[in-house]
Amino acid sequence: MRDAILPNEKIRRVSKVNVSAILFLSIPLLLYFVFYLLPALTSVVLSFTKWDGLTAPVFVGFQNFSKIFRDPRFLNSVLVNIKVVVISLFTQLPLALLLAYLLVKQLKGTAFFRAVLFIPQMLSLVAVGVLWSLIYHPTNGPLAKIFEEMGMESINWLGSTSISLLSLMVTTTWVYFGFHMVLQIAGMSSIPQELYDSAKLDTDNSLEVFFRVTLPLLRETLLISTVMIISGSFSHLIGLFWVMTRGGPMQSTELISIYIYKSAFSAHQFGYSSAMTVIMVAFIAAIVGVVVWQFSKVRIEF
Amino acid sequence: METAEIQSRSEISKDNLARWVQFSFLLLFSLITTYPLFWMFTVALKTNAEQVRNPLGLPRHPTLESFTQLLQDQSIIQYTFNSAFITLVSVVLVLILGSLAGYSLARMEFKGRGIILFLFLTVQWIPLVVLVIPLLVTVQYLGLYGTRISLIFAYVSANLGLAVFLMRGFFRSIPQELLDAAVLDGCDDFKAFLYVMLPQVRAGIAVVAIVSFISIWNEYFIALVLVADKAQYTLPLGISAFHGMYGTDWPKLGAALLLATLPTLVTYIFFAENFIRSTSRSVGFGGR
Amino acid sequence: MFYERNHLKFLCLIFLSTLLLSACGSEQTEPVAEVSEEPPAEVTIEFWDYTNPGVYEPWWEEFIASYESSHPGVTIERTGFAEKDYDNKLRTAMAAGSEPDIMFVISGSAVVDFASSGKIAPLDDLVDQSIWVSSLLGAFGYEGEFYAVPLGPMASPMWYDEALFEEHGVVPPETWDDLLGLCKFFNEVDITPLSLAGIERWEVMMYYDYLQHQYGGYDLLDKAARGEGADFTDEAFVKAGNRLQELFANDCFPEQFMGLDQDQMTAAFFNGEAAMELIGPWVVGMAKDMAPEDFKIRAFRFPALPDAIAGTEKDLEGGVNGFAISASCEHPDIAADFLNAFGKANEDFVNEIGYLPTIPGVTVEDPVMAEVAAFMSEANVMFTWADRRLPSAIVDDYLNSLVSLAAGEMTPEEFGLTMTDVVEEKLE
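Residues numbered from 1 in each chain as written. Chains lettered and ligands numbered in written order. Predicted model: local features only at pLDDT ≥ 70, side-chain atom pairs only at ≥ 80, totals over all residues.

### A closer look at the overall build of chain A
Here is the rule: Strands here are runs of E lasting at least two residues and helices are runs of H or I lasting at least four, both read from the DSSP assignment and numbered beginning at the N terminus. We call two residues in contact if the C-beta atoms placed from their backbones are at most 7 Å apart.
The secondary structure content of chain A amounts to 14 helices and two strands. Across its three principal axes, chain A shows a C-alpha extent of roughly 65 × 65 × 30 Å. Pairs at least 24 apart in sequence give 68% of the contacts found in chain A among residues at least 6 apart.

Okay, here's the thing in structure tokens:
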């Protein structure tokens with residue numbers, strides 16, 4: 001699909017477009033600037049200070065940044081986050097695609113399934129956290145009871161440093177797969193039927209159709225999902241992880257965002273936490289930049 | 001529309017088996033995802049002591065008391081209205097502003113497009129909790145502390161980044177021919193946007209509406225910081241009082257969480273059903 | 001034209017109308033500064049507190065209503081916040097300059113920080129000191145003045161399941177050896193001796209608090225935290241660490257405590273899965289609502305270590321909850337008067353809500369709480385929990401290190417070294 005503008009149109013459009021663009025963008029940008037960018041900029045400025053929220057901020061230059069790179073706890077949190085991103089990409093995307101595909105092909109009860117599979121997204125984190133903490137309860141939870149029945153030793157799902165992250169990832173996948181499924185369904189719904197019909201002339205194998213027709217045309221929505229999974233692992237999972245383990249046991253589930261939060265609201269070191277935020281955002285930008293670049297290289301041919 | 005084909009018997013039963021497996025798979029997942037609602041319902045039917053004793057079990061003497069208490073609680077009703085108002089206004093604004101910005105970034109050429117896209121894209125990865133203090137300072141400076149507007153603006157801005165990113169993606173996947181045809185018909189930019197492009201991204205609108213609704217409806221931290229008095233509380237704030245270190249009212253919490261999920265469910269069904277075409281239907285090039 | 005004015009106007013109209021709609025619908029809560037521009041008789045005091053389940057909220061509503069009716073022109077706007085995020089709300093408000101007039105505080109480093117940065121006002125000359133027990137006022141002291149009045153001391157003795165104990169014919173332990181023997185007994189009958197959780201980490205800390213107090217005395221922790229005159233490698237900390245690990249070695253705690261949270265810890269105690277628990281006095285109120293009908297809770301003192309410093313065995317741990325007045329309050333005299341009134345109403349408060357008394361001469365009706373009050377009067381000192389007491393910059397590291405210690409990942413000596421480094425690094 002071409003999304004470049006035809007050459008002969010370019011000349012005609014350039015002067016037009018600028019004004020329209022301003023109109024279209026002015027109000028969103030204004031709001032965004034005042035209520036998001038400005039606080040974000042303040043955050044960046046704060047990263048060069050030492051501030052406890054009570055006394056006046058003290059300018060410290062790059063001290064926070066140099067401390068961060070020598071902070072083993074920060075490095076640990078980066079590692080945890082990378083693990084989370086990788087696991088998320090490999091569980092949520094395939095699962096979402098599979099379910100989306102099944103749902104689109106499904107004839108009976110699609111509306112029901114679509115609504116029901118999305119439910120985890122609608123629940124508040126308190127509900128999710130409490131429920132899954134009960135499920136993971138090392139002695140009284142259903143998993144523990146099953147293990148007991150089978151005569152196996154019970155596992156400390158949330159309390160063991162080796163398993164805790166995996167347990168949280170299961171919960172995370174459970175919460176978020178519905179969203180990406182809906183996104184991919186939305187993407188699939190905009191693929192014209194003609195393409196499928198013409199593909200059917202070439203091959204009967206539905207798997208082949210999927211990989212050669214559907215998947216490439218889902219480029220935009222797949223990109224969105226990928227970017228959201230990556231960025232979400234950094235900024236959104238803080239809610240779920242905090243409720244369930246607070247970053248423990250012994251920092252095995254401590255995301256960068258959790259360390260940032262603790263640094264800000266427990267240790268009251270707003271300068272240091274702001275600096276970590278800056279680094280984290282830069283990190284995300286780099287990863288997403290690479291991802292977007294790779295995706296844009298995908299050529300779509302008819 | 002399937003071309004009429006004569007299938008052999010084995011093909012039919014293979015088809016049936018495949019369908020059966022498919023269906024069971026979906027059903028299994030549905031059970032996993034609906035269980036929490038069922039569980040919250042059982043919690044709401046128990047007494048607090050019973051819930052503590054048997055957190056995952058069924059109530060022995062089910063009672064609707066938690067629901068009646070909740071529905072008669074004037075403050076909870078107030079909080080629900082606050083949440084509803086704030087969420088609805090915010091979502092509408094996010095849709096309008098997100099579509100406008102997303103469209104311009106997708107299909108218009110102008111200087112600084114890259115930077116603006118970058119701003120919308122990257123800055124929204126900052127977790128809101130970090131921005132909370134500067135946000136509060138800004139709100140106070142504008143004299144908006146304690147107003148619903150401050151919350152609305154904060155939420156819209158927080159969701160705008162993602163909305164713009166999503167809408168841009170959906171706008172980009174519209175074939176250029178559509179826009180050319182519209183221009184040939186004499187549409188200016190705004191008309192083209194409103195009457196031709198927007199309808200094509202109904203799926204995108206649905207996704208943005210659903211996502212922003214959920215994130216705003218359930219949002220806790222920003223509301224905590226920006227809300228000045230109890231009359232302004234949103235529902236998540238009100239519900240959080242049920243779960244504390246000094247004691248938890250589990251049945252009430254379960255009932256409240258369950259009821260809080262309903263508007264989200266309704267919103268989702270409305271948008272998903274009306275905006276996303278899930279079965280293959282003809283779209284075609286150059287369609288109006 | 002490239003765009004039509006109509007559409008632009010239409011857009012602006014939508015935007016502005018939603019703006020107006022929300023603005024009209026909003027109730028503006030004015031900061032106190034604006035209200036004082038009105039005739040001086042009209043005063044609004046903004047008051048932030050914890051919210052507690054049960055009768056706590058109705059009690060306040062009634063109290064405030066009666067205060068307002070006897071003080072015409074004064075409006076007390078109280079908002080109760082869920083305790084888990086109150087600190088964040090308050091800190092954020094303080095950082096942005098929108099803190100309330102009266103605010104809930106817990107004794108410890110937070111009060112010291114607020115006082116030293118001039119955010120809260122010294123109350124010596126504002127409130128009527130004679131109302132309250134002076135040691136409780138002392139809990140909010142900074143440089144010779146006190147900065148808050150007490151709402152309730154959160155004395156945290158140990159608690160046991162009296163019905164369970166009677167059933168098994170045992171009594172609560174008085175010495176350390178008693179405790180270990182009792183733990184052995186309960187393990188044999190398949191009951192967890194001491195309920196514990198690991199997710200919030202303060203559960204483990206509470207045990208260590210008593211241990212290091214018995215070995216180190218009252219001010220060792222403060223000195224070590226400031227790096228003045230002592231540090232965490234002091235022998236007392238090492239001995240305390242060894243005792244903590246001794247409890248784990250004797251299976252006193254649930255094996256999988258790391259995966260449990262405070263709700264589950266207390267649930268185990270209420271359900272008879274665990275025989276004892278170390279937690280604050282709010283557990284008594286919780287038990288009334290959340291424990292089975294036949295559950296009988298009772299307090300006992302933390303067992304005495306054989307080699308403890310003399311006199312420390314009767315001490316209790318616990319912070320003091322209180323109310324401070326903001327330095328930017330426009331009418332501190334009225335706020336102080338309100339707090340005086342609250343202090344005088346303490347006996348009613350204690351018996352209605354189940355808190356411990358803050359003024360002398362109160363008869364505590366609830367027998368369990370009365371016993372705790374008796375413990376308090378026999379104690380030389382009530383020391384605040386470490387996570388409130390230590391400077392906030394090192395609390396997280398302290399708790400993490402304690403958990404590592406508890407899990408056996410760290411020796412008491414390593415704990416000392418780690419914490420000493422932390423103090424050096426973070427509190428320059």
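Next comes the rest of the description.
### Regarding the interface of chain A and chain B
Often the size quoted for an interface is simply the accessible area lost on bringing the parts together. For clarity, the cut-off: Ten residues, namely Ala, Val, Leu, Ile, Met, Phe, Trp, Tyr, Cys and Pro, are considered nonpolar, four, namely Asp, Glu, Lys and Arg, are considered charged, and the remaining ones, Gly among them, are considered polar.
Across the boundary between the two partners, chain A contributes 81 residues, which contact 76 residues of chain B. Element by element, the count of residues in the side of chain A that touches chain B is highest for helix 1 (residues 7-46) of chain A, at 22 residues. Looking at side-chain class alone, the side of chain A that touches chain B contains 55 nonpolar, 19 polar and seven charged residues.

### Description of the domain arrangement of chain A
Applicable threshold: The domain boundaries here were taken from an automatic or database domain assignment.
When its domains are assigned, chain A resolves into domain 1 (1-37) and domain 2 (62-296). For domain 1 of chain A and domain 2 of chain A, the distance between their C-alpha centroids amounts to 33 Å.

### Let's talk about the interface of chain C and chain B
The interface is formed by 41 residues belonging to chain C together with 38 residues belonging to chain B. Every element with two or more residues in the side of chain C that touches chain B is listed here: helix 1 (5-25), strand 2 (74-81), helix 4 (83-96), helix 12 (262-270) and helix 13 (282-290) of chain C. Among the elements that make up the side of chain C that touches chain B, the one with the highest residue count is helix 4 of chain C (seven residues). Considering only residue class, the side of chain C that touches chain B consists of 16 nonpolar, 16 polar and nine charged.

### Describing the environment of Leu-223 of chain A
Topologically, Leu-223 of chain A is positioned in helix 11 (residues 219-235). Considered as a pair, Leu-223 of chain A and Val-291 of chain A are 68 residues apart in the sequence and their alpha carbons are 7.9 Å apart. Setting aside residues up to four positions removed in sequence, Leu-223 of chain A forms contacts with Val-292 and Phe-295 of chain A together with Gly-169 of chain B.

### With respect to the sheet that holds strand 6 (residues 149-153) of chain C
Residues and elements named next belong to chain C. Note the threshold: Two strands qualify as a pair provided DSSP detects at least 2 bridges between them. Axis definition: a line fitted to C-alpha atoms, limited for helices to the stretch in contact. Angles are taken between N-to-C directions and run from 0 to 180 degrees.
Pairing is mixed in the open sheet, where five strands are placed in the order 2-1-3-12-6. Bordering the open sheet on either side are strand 2 and strand 6, each of which pairs with just one other strand. Between one strand axis and the next, the sheet turns by 25° as a mean value, whatever way the strands run. Relative to strand 2, strand 1 (residues 43-50) is paired through eight bridges, and the arrangement is parallel. Note on strand 2: the bridge partner recorded for Ile-45 is Ile-76.

### Concerning the pairing of strand 7 (residues 158-161) of chain C
Residue and element names in this part refer to chain C. Quick note on the threshold: Put simply, a residue is buried when 20 or more other C-beta atoms lie within 10 Å of its own C-beta and exposed when 12 or fewer do; between those, it is partly exposed, and each C-beta is set from the backbone.
Here strand 7 shows a buried face lined by Met-158 and Tyr-160 and a second buried face lined by Trp-159 and Asp-161. In this sheet, strand 9 (residues 274-278) lies alongside strand 7 in antiparallel orientation, the contact comprising three bridges. Along strand 9, the bridge assignment pairs Met-158 with Leu-278. Bridge count for strand 7 against strand 10 (residues 297-300) is four bridges, and the pairing is antiparallel. Each residue of the ladder has a partner; that of Asp-161, found in strand 10, is Ile-297.

### Observations concerning the pairing of strand 12 (residues 320-325) of chain C
Side-chain direction in a regular strand flips from residue to residue, so the side chains alternate between the two faces of the sheet. All names here are of chain C. A large share of strand 12 lies buried, amounting to six of its six residues. What you see with strand 12 is no split at all: Val-320, Gly-322 and Ala-324 on one side and Asn-321, Phe-323 and Ile-325 on the other are buried throughout. The sheet contact formed by strand 3 (residues 102-106) and strand 12 spans five bridges and is antiparallel. Bridge pairing in strand 12 links Met-103 to Ala-324. One ladder, built from four bridges, connects strand 6 with strand 12; its direction is antiparallel. Bridge assignment links Val-149 to a residue of strand 12, and that residue is Phe-323.

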